[in-house]
Amino acid sequence: MRRNPDMKTMNTRKFLLFSLLLAAALLSACRQEDKKIVAPGPVEVEVTTVRPQPVNLATELPGRTAAYRIAEVRPQVGGIIKKRMFTEGSEVKAGQLLYQIDPDTYQARFDSAKAAQAKAEALEHSARLKAERYRSLVQTKAVSEQDQVEMEANWKQTVADVAAAKASLDSAQINLEYTKVIAPISGRIGKSTVTEGALVTAEQATALSTIQQLDPLYVDLNQSSTDMLNLKKELSSGQTQNRNKAQSPVKVLFENGSEYGQTGALEFSDVTVNQTTGTVILRAIVANPGHELLPGMFVRARIDKGQRPNAILIPAASVSRNTKGQAVVLLVNKQSIVESRLIQTGQNMGEQVLVDGGLVEGEQVIVSGLQKIKPGVPVKALTVSASDGKQSSIGVPTSVAQAE
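Residues numbered from 1 in each chain as written. Predicted model: local features only at pLDDT ≥ 70, side-chain atom pairs only at ≥ 80, totals over all residues. Heavy atoms only, no water.

Caption draft 1: Quick look at the overall build of the chain. For the chain, the helix and strand inventory stands at 5 helices and 20 strands. Per-residue burial for the chain yields a buried fraction of 30% across its 404 residues. (Helix = DSSP H or I, 4+ residues; strand = E, 2+ residues; numbered from the N terminus. Buried < 20%, exposed > 50% of the residue type's maximum accessible area, 1.4 Å probe, protein only.)

Here is the structure:
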């Protein structure tokens, strides 16, 4: 009996399909075996070795300039301004005449006081002579003792009148001199608020003008109380050395970032914290011979905080932040395995960051290739020599299979 041709064809197709599936399985197994045998090489990363070094620390603080001395010019007597004796915006010297108030009234008062003093002195002279004569007459009983006492009293009264007249003359002379309004300090004078013919009064609220001394100049800076306390802790612990903080040099920076040519000095630190801003005022003094700095300018000041003898600096690009905002770096340990480490960072110094804790001397911090690695993987560490710029390998694992 002959087989059905359809059944024979079906069996042939099943056999071919089975053969194809078997071949595909064998090929996949071979590929998996090859993948296990051929392991990729370690990832190359660049590292820097932690080396403590002395570093001069500085901080930049915002502030405003202020005149070294300010004097508001006000009249001390009332009258009509007769003449203005200065040019607005010019330099004036201490004692220079600025305004002339009409002196006629004060001159008349001075002359009257002078005449009153002369009259009092004449009466005193006559009374003194009479008193001396009565002293001799009372001894011969030519005058009574009562008359002699009254004459002595009359003479002493004229002496007091002379003193009062002299005081009146001095007052009139002072007022006469006050009609000349002079500059109390040397400096640059501003605009005048009055012109000739204006009526002014003694000790009026509105100043006639203002004089500011611009050389030297103050720079008032704002430092947070937290930074000030941290610096004090560093100084007390010995992390930062500053033998004379009160005389720390100060560099002034303009708003455009350029540096002012003169170096100033820190003069004092306020003892009160601003309750609104939480800052303390630091005052620096800087020479200003060319008057490049003007009062009220917004500037920044770089203040020397001292030297940290064993500071650790690492590239800022090697530091990342975790979800909690903590600073994290990746290290290459002695087994050439990547390790994650939390560190405490300080201020940025250009392209580097100061490390306050978490790293020790000799450790290798990964500075590039961070996107290709994660903690626990083996790496090939390369370091760049500062002298010749060549890379050298460090800590290459002996066997990738063993490392896995």
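Caption draft 2: Quick look at the packing of helix H2 (residues 104–139) against helix H3 (residues 145–178). Two elements in contact, H2 and H3, have axes whose closest approach is 7 Å; the angle formed by their N-to-C orientations is 160°. Classified by the angle between their axes, H2 and H3 sit roughly antiparallel to one another. Along this stretch, H2 crosses H3, giving a crossing that reads as left-handed. Within the contact of H2 with H3, the residues separate by chemical class into 18 nonpolar, 8 polar and 12 charged. (Axes fitted to C-alpha atoms, helices over the stretch in contact; angles between N-to-C directions. Parallel < 35°, antiparallel > 145°, perpendicular 65-115°, else oblique. Left-handed = near helix turned anticlockwise from the far one by under 90°. Nonpolar A, V, L, I, M, F, W, Y, C, P; charged D, E, K, R; others polar.)

Caption draft 3: Geometry of the pairing of strand E16 (residues 338–349). Sheet topology note: the strand E15 (residues 327–332)/E16 ladder contains 6 bridges and is antiparallel. The partner of Val329 across the bridge, within E16, is Arg341. What sits between E15 and E16 in their antiparallel hairpin is a turn of 5 residues, with Ser336 showing a positive phi close to 60°. Both E16 and strand E17 (residues 352–357) contribute to a ladder of 4 bridges, which runs antiparallel. What sits directly across from Gln344, in E17, is Gly357. Hairpin connection of E16 to E17: 2 residues between the antiparallel strands, including Gly350 at a positive phi of 70°. (Pairing = 2+ DSSP bridges.)

Caption draft 4: Focus on the layout of surface pockets. By volume, the second largest pocket amounts to about 190 Å³. For the lining of the second largest pocket, the leading source of residues is strand E6 (residues 180–182), giving 3 residues. Tallied by class, the residues present in the lining of the second largest pocket amount to 6 nonpolar, 1 polar and 4 charged. (1 Å grid on protein atoms, 1.4 Å probe; cavity = no way out; pocket = protein on both sides within 12 Å on 5 of 7 lines; lining within 4 Å. Points joined across faces, edges and corners; volume = space filled by probe spheres on them.)

Caption draft 5: Seen up close, the confidence of the model for the chain. Scored by pLDDT, the chain comes out at a mean of 82, with 80% of its residues at no less than 70. At the low end of the mean pLDDT range in the chain sits helix H5 (residues 400–403), at 32; at the high end sits strand E5 (residues 97–101), at 96. This model gives residues 385–404 a pLDDT under 50, and the stretch forms 29 contacts once residues within four places in sequence are excluded. (pLDDT = per-residue confidence, 0-100. Contact = heavy atoms within 4.5 Å.)

Caption draft 6: Just the pattern of salt bridges, in detail. Taken as a whole and assessed by the stated rule, the structure comprises 16 salt bridges. Where Arg302 meets Glu60, a salt bridge forms, and the shortest distance between an N and an O atom there is 3.2 Å. Placement of Arg302 in strand E13 (residues 298–315) and of Glu60 in strand E2 (residues 53–73) is noted, with a sequence separation of 242 residues between them. On the basis of relative accessible area, Arg302 is assigned to the partly exposed category, the value being 30%. Among the ionic contacts, a cluster of salt bridges with common partners joins Glu60, Lys251, Glu259, Arg300 and Arg302. (Salt bridge = Lys/Arg side-chain N within 4 Å of Asp/Glu carboxyl O.)

Caption draft 7: Inspection of the side chain of Glu152 at higher detail. Position of Glu152 relative to the elements: it lies in helix H3. On the accessibility criterion, Glu152 (14% relative accessible area) is buried. Of note is the side chain of Glu152, whose polar atom sits 2.5 Å from the side chain of Arg135. (Polar contact = N/O pair within 3.5 Å; in protein donor to acceptor, adjacent residues only side chain to side chain.)

Caption draft 8: Examining the environment of Ser336 more closely. Looking at where Ser336 falls in the secondary structure, it is placed in the loop between E15 and E16. For the pair Ser336 and Pro42, spaced 294 residues apart in sequence, the C-alpha to C-alpha distance is 9.8 Å.

Caption draft 9: Highlighting H2. With 36 residues, H2 should cover 52 Å at 1.5 Å per step; its first-to-last C-alpha distance of 54 Å lies within 8% of that length. Looking at H2, one finds that the buried residues are Tyr106, Phe110, Ala113, Gln117, Ala120, Glu124, Ala127, Ala131 and Val138. Looking at the residues trailing H2, positive phi occurs at Lys141, about 65°. (Expected span 1.5 Å × (residues − 1).)

Caption draft 10: Seen up close, the environment of Ile185. In this fold, Ile185 is placed in the loop between E6 and strand E7 (187–189). Taking relative accessible area as the criterion, Ile185 reaches 10% and is therefore assigned buried. When the C-alpha atoms of Ile185 and Val73 are compared, they prove to be 10.0 Å apart, with 112 residues separating the residues in sequence. Non-local contacts of Ile185, meaning those with residues more than four positions away in its chain, are made with Arg69, Ile70, Ala71, Val92, Lys93, Ala94 and Ile211.

Caption draft 11: Spotlight on the nonpolar core. Within the largest apolar cluster, 23 residues are counted, with the highest numbers of intra-cluster contacts made by Leu98, Tyr99, Leu208 and Ile211. Elements with a minimum of two residues in this core: E2, E5, H2 and H3. Not counting residues within four places of it along the chain, the set of residues in contact with Leu98 comprises Val73, Lys83, Arg84, Met85, Phe86, Val92, Val181, Ile182, Ala183, Ile189 and Ile211. Grouped together as the second largest cluster of nonpolar side chains are 17 residues, Leu214, Val252, Phe254 and Ala301 included. (Core = buried A, V, L, I, M, F, W, Y, C linked by side-chain atoms within 4.5 Å.)

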